[in-house]
Amino acid sequence: MFELLALHIPDGFLSNWVAALCWLPATAAVAIGLRKSTAELIEPRIPVLGVTAAFIFAAQMLNFPIAGGTSGHFLGAALAAILLGPWVACVAMAVVIAIQAFLFADGGITALGANTLNMGVIGALLVGYLMLWTRDLLPKRRGAFLAIAGAGAWLAVMAGAAATSFELAISDTVPLGTVLPAMLGVHALVGIGEAIITVAAVGAVLATRPDLIAVRDLTLRELGRSLPTPTPEGA
Amino acid sequence: MSVGCNHMLELTGLAGDPASAIHRLDPRAKLMGLIGVTVVAVSAPFSAWPVWIVCACVLAAVAGTARIRPRVVWRRARVILPLVIFAAVFLPFVRPGGETIEIGPFTMTTAGLETFAGVSAKATIGVVGAVLLGATTTFPSVLRGLEALRVPRLFVLIAAFAYRYLFVVVDEVQRMRAALASRAYRPRNLRHAGALGRVATALFLRTYARGERVYLAMLSRGYAGSMPQLEPLSFARADAVFLALVVGTLVPARVLIGAAV
């Protein structure tokens, strides 16, 4: 089975300007996330963020068939945003992507900014804020919450694919008319897998440890203040 | 379910002669060297072949000094490079510009071929450079180097925790995949992906509980926000010589040759 890992941009695919400019929003988002996670110096957040990053890395090994012998795999930005809140999720995703670049040479060092933006920041902010904004509008029901989570997960994958396409096209590597439909076509399916996994995962967390879902109880203003202190529980 | 990922973590860690001059360098020197090679290779215009050859020679010299056999580099690069080349191989057919070449039913362009060759060369240098850094430097050293190079300390701490848990969490996910397979889980279409969501949750809850247990254990053993470092980083003369050699080779090549083509 051929795996679609094409979202990791390697070195050399982006023009110098595009690669350099992508670092700006990526580092800004990570800086805000780091500030939010230290806002109240809740120290246990450091290991929590570390294990969440390790979890996302491992969960990306869960692959599912798409079509024609290809498979996609779980990306996790949406789930991270739901569990950690949008900005802190940016930090966790940036850690995952940096480990992939430095430990496995997966994704270029110069494209690290672009990869963090496409696979982490865009999805995490989109899903995180979507969940927070819609929470007050919709009836407080499990079904509505899960529906938004699923839609957000699909949108996050599509937005990341679109951003990748635009970066490649602006870099004059591929024409937009070729890369955008191709990327969006494949990722419409990858996104469905992402949505199904995210909904099932969020549903199961809601059933077992609803206290771990950051975007459920925090208001926009409190965002990033606290992640509940976990109770020791047997694994 | 593919098994390709099983080998991924085995293909990390030190390789070659751990006592070599390269292995003993300060991680900052090696990180700056890697960034230097990559930035020079990536920033060069397409058709700047001499620059890439110089970059490749620098990488080969590093690998030779560290006694890393080509086979090791190849085995590690093989995980990533085919995907990169696969993505790039479409370029000659979709990128307009230059003369066109007819190959059967397909039309290639010379501009596209040039982009394909350039992109492949840059990506290969990037991947091999990162592989060499990983083969000569432990990941905790890389993190210490990044911290010394002003990457925020909190980010480095989180990455260090992530790395510490990575292997157990990956083991856990492998056991879960084996459990799925032994219960005849063979997803044939997207509708079967839901089970993976529940696996992801079980994985998350176990990881979370484990992280909490380990953290409390660390606190009870005196952890106060940073790991004790037995050997402080020191940027010695060997590091300065290494960087001077790398930069002294690359920058003139980039400026002189890169500008000429």
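Residues numbered from 1 in each chain as written. Chains lettered and ligands numbered in written order. Predicted model: local features only at pLDDT ≥ 70, side-chain atom pairs only at ≥ 80, totals over all residues. Heavy atoms only, no water.

Turning next to the overall build of chain A. A tally of regular secondary structure across chain A gives eight helices and three strands. When the helices and strands of chain A are listed from N to C terminus, the series reads β-α-α-β-β-α-α-α-α-α-α. Counting all 235 residues of chain A, 64% fall into the buried class. Sequence separation of at least 24 residues holds for 75% of the intrachain contacts in chain A that already meet a minimum separation of 6. Carbon and sulfur atoms make up 69% of the accessible area of chain A, which totals about 8,200 Å². (Helix = DSSP H or I, 4+ residues; strand = E, 2+ residues; numbered from the N terminus. Buried < 20%, exposed > 50% of the residue type's maximum accessible area, 1.4 Å probe, protein only. Contact = heavy atoms within 4.5 Å. Areas by Shrake-Rupley, 256 points an atom, 1.4 Å probe, with all protein chains shown as cover.)

In this section: the packing of aromatic side chains. All names here are of chain B. Within the structure shown, the criterion is met by 14 aromatic pairs over all chains. Ring centres 4.7 Å apart and planes at 40° place the aromatic pair Phe139 and Tyr163 in the tilted group. Linking Phe139 in helix H7 (residues 139–148) with Tyr163 in helix H8 (residues 153–182), this pair joins segments that are 24 residues apart in sequence. Each of the two residues, Phe139 as well as Tyr163, counts as buried. With 6.2 Å between their ring centres and 90° between their planes, Phe161 and Tyr223 make a pair best called edge-to-face. Of this pair, Phe161 sits in helix H8 while Tyr223 is found in the loop between helix H9 (194–220) and helix H10 (237–260), placing the two residues 62 residues apart along the sequence. Tyr223 shares its class with Phe161; the two are buried. Through a chain of ring-to-ring contacts, the aromatic side chains of Phe161, Tyr165, Tyr215 and Tyr223 assemble into a single cluster. The ring of Phe161 is capped by Arg164, whose NZ or CZ atom sits 5.2 Å from the centre of that ring. (Phe/Tyr/Trp six-rings, centres within 6.5 Å; stacked < 30°, edge-to-face > 60°. Lys NZ or Arg CZ within 6 Å of the ring centre and 35° of its normal.)

What follows deals with H7 of chain B. Since one α-helical turn is 3.6 residues long, residues separated by three or four positions face the same way. Taken together, the buried positions of H7 of chain B are Phe139, Val142, Leu143, Arg144, Gly145 and Leu146 of chain B. Looking at the buried positions of H7 of chain B, the neighbouring elements they touch are helix H4 (86–104) of chain A together with helix H1 (27–43), helix H6 (110–136) and H8 of chain B. Positioned one or two residues after H7 of chain B, Arg150 of chain B has a phi angle of 75°, which is positive.

What follows deals with unusual backbone geometry. Residues and elements named next belong to chain B. You will see that Ser47, though not glycine, has its phi angle at about 80°, which is positive. Mapped onto the elements of the fold, Ser47 is located in the loop between H1 and helix H2 (49–65). You can call Ser47 partly exposed: its relative accessible area is 29%. Phi at Arg67 is positive, roughly 55°, even though this residue is not glycine. Mapped onto the elements of the fold, Arg67 is located in the loop between H2 and helix H3 (70–77).

Take the confidence of the model for chain A next. On average, chain A scores 84 in pLDDT, and the residues at 70 or more come to 85%. This stretch, residues 218–235 of chain A, has a pLDDT under 50; its non-local contacts, to residues over four places away or in other chains, come to 41 contacts. (pLDDT = per-residue confidence, 0-100.)

Ranked by size, the top nonpolar core spans 164 residues in total, and within it Phe102 and Ile213 of chain A carry the most contacts. Apart from the residues within four sequence positions on either side, Phe102 of chain A is in contact with Ile109 and Leu112 of chain A together with Leu31, Leu34, Ala130, Leu133, Phe139, Val142 and Leu146 of chain B. (Core = buried A, V, L, I, M, F, W, Y, C linked by side-chain atoms within 4.5 Å.)

The next thing to look at is a positive patch on the surface. There is a patch of like positive charges on the surface, built from Arg69, Arg71, Arg75 and Arg78 of chain B. Tracing the backbone through its elements, the reader meets Arg75 of chain B in helix H3. (Patch = residues over 30% accessible without salt bridge, like charges linked within 9 Å, V, L, I, M, F, W, Y side chains within 5 Å. Salt bridge = Lys/Arg side-chain N within 4 Å of Asp/Glu carboxyl O. Lys, Arg positive; Asp, Glu negative; His and termini not counted. Charge placed at Lys NZ, Arg CZ, Asp CG, Glu CD.)

Turning our attention to the pattern of salt bridges. Residues and elements named next belong to chain B. Inspection of the entire model under this criterion finds seven salt bridges over all chains. Of the charged contacts in the structure, one is a salt bridge between Arg28 and Asp26, with a shortest N-O distance of 3.0 Å. Judged by relative accessible area, Asp26 falls into the buried class, the value being 3%. Between Arg206 and Glu172 there is a salt bridge, with its nearest N and O atoms 3.1 Å apart. With a gap of 34 residues between them, Arg206 in helix H9 and Glu172 in helix H8 connect regions that are remote in the sequence.

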